[in-house]
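Chain by chain, the residues run as shown.
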Amino acid sequence: MKTKLLRFSKWFFGILICFFCLITLIIYLFKDRICGIVIAEANKYLTVPVAASSVELTFWGSFPNLSVDFNNVFIQDATPKSTPRDTLLYSERIRLKFNPMDLWNKNYHLKAIEISPGTLNLKINKKGEVNYMIFKASKEKSEEDFNLKLEEINIEKLGLSYENFQTQQFYKTVFNEATFSGDFSSQKYNMTATGELLLKVAKSGVVNLLSNKKIDFNLNLLVNQIDSTITIPKALINVAGLPFKLDGTVSSKQLDFRFQSKDI
């Protein structure tokens, strides 16, 4: 009995090791091809170039997904007079996740994006020009079936600032962790947003609205990419341990929020 069990264990672990080695070999052989396709297709959707120190293909670090990792990513402002000193986005790592079976069948379906850590700076100048319009509608057809229908975006330790010089609004926050889920490729869709952030500054004109407050949120948002608006129906958020009712609208021209609390 012990001899049979020992033989079975040897065969099992032998097959398992061979399987791992085979996957590692396949990843190594197709690394440049897959990374090249992802970079080429991503550039078709962007109006500004993306700089990265390196691009890597990984499987064991994101099992059971296969991931393309962009390290030390920099995206410059999209405004016409911006310089390399004007940062829209910087992240130590942006990870694009794929189903390995989809890749094997040449169906490059992007499942999720992970961003951590980094900074995102959104600005609207006095002329109404925004620095974050970096996506374009690509009319080019790829030889491969590259599908950019996102299902989920995960961020961790991401600093976010928003400056609107038309409405004199300024917000600065750090997302400790957050998850955004929805059909991001649709023109109109529902998005779920959950997570925790530290609101460092919320300022309107010369008035400080909030500062250094921890916020826990679980929101259902209505996103309209046609008119560039995000609507927040009535939702409950937790600010520094206190419950608040929140609703409002985000557009390219303004942030319009309403907070209510029966206890304050």
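Provided above is the structure to which this section pertains.
Residues numbered from 1 in each chain as written. Predicted model: local features only at pLDDT ≥ 70, side-chain atom pairs only at ≥ 80, totals over all residues. Heavy atoms only, no water.

A. Broad picture of the nonpolar core. One finds Ile94, Leu96, Ile155, Phe180, Phe217 and Ile237 to be the most contacted residues of the largest nonpolar core, which totals 48 residues. With 6 residues, strand β9 (residues 188-204) is the largest single contributor of residues to this core. Leave out the neighbours within four places in its chain, and Phe180 touches Glu151, Glu152, Ile153, Ile155, Phe175, Met191, Thr192 and Ala193. (Core = buried A, V, L, I, M, F, W, Y, C linked by side-chain atoms within 4.5 Å. Buried < 20%, exposed > 50% of the residue type's maximum accessible area, 1.4 Å probe, protein only. Helix = DSSP H or I, 4+ residues; strand = E, 2+ residues; numbered from the N terminus. Contact = heavy atoms within 4.5 Å.)

B. Looking closely at the side chain of Asn131. Along the chain, the position of Asn131 falls in the loop between β5 (107-124) and β6 (145-147). Of note is the side chain of Asn131, whose polar atom sits 3.1 Å from the side chain of Asp77. Among all residues touching Asn131, those that are not within four sequence positions of it are Asp77, Ala78, Thr79, Leu88, Asn121, Leu122 and Lys123. (Polar contact = N/O pair within 3.5 Å; in protein donor to acceptor, adjacent residues only side chain to side chain.)

C. Structural context of a nonpolar patch on the surface. Taken together, the side chains of Val206, Val207 and Leu209 present a nonpolar region at the surface, about 310 Å² in accessible area. Turning to its location among the elements, Val206 is positioned in the loop between β9 and β10 (207-224). (Patch = residues over 30% accessible without salt bridge, like charges linked within 9 Å, V, L, I, M, F, W, Y side chains within 5 Å. Areas by Shrake-Rupley, 256 points an atom, 1.4 Å probe, with all protein chains shown as cover. Salt bridge = Lys/Arg side-chain N within 4 Å of Asp/Glu carboxyl O.)

D. Local environment of the environment of Lys123. For Lys123, the location among the structural elements is in strand β5. Note: C-alpha distance between Lys123 and Glu163 (40 residues apart in sequence) is 4.8 Å. Those residues in contact with Lys123 that lie beyond four places of it in its chain are Glu129, Val130, Asn131, Tyr132 and Glu163.

E. Broad picture of the pattern of salt bridges. For the structure shown, the criterion picks out 5 salt bridges. Between Arg95 and Asp69 there is a salt bridge whose closest N-O contact spans 2.7 Å. Here Asp69 lies in strand β3 (residues 66-76) and Arg95 lies in strand β4 (residues 87-98), a separation of 26 residues in the sequence. Under the relative-accessibility criterion, Asp69 is labelled buried at 5%. A salt bridge links Lys214 to Glu196; the nearest nitrogen and oxygen atoms lie 3.9 Å apart.

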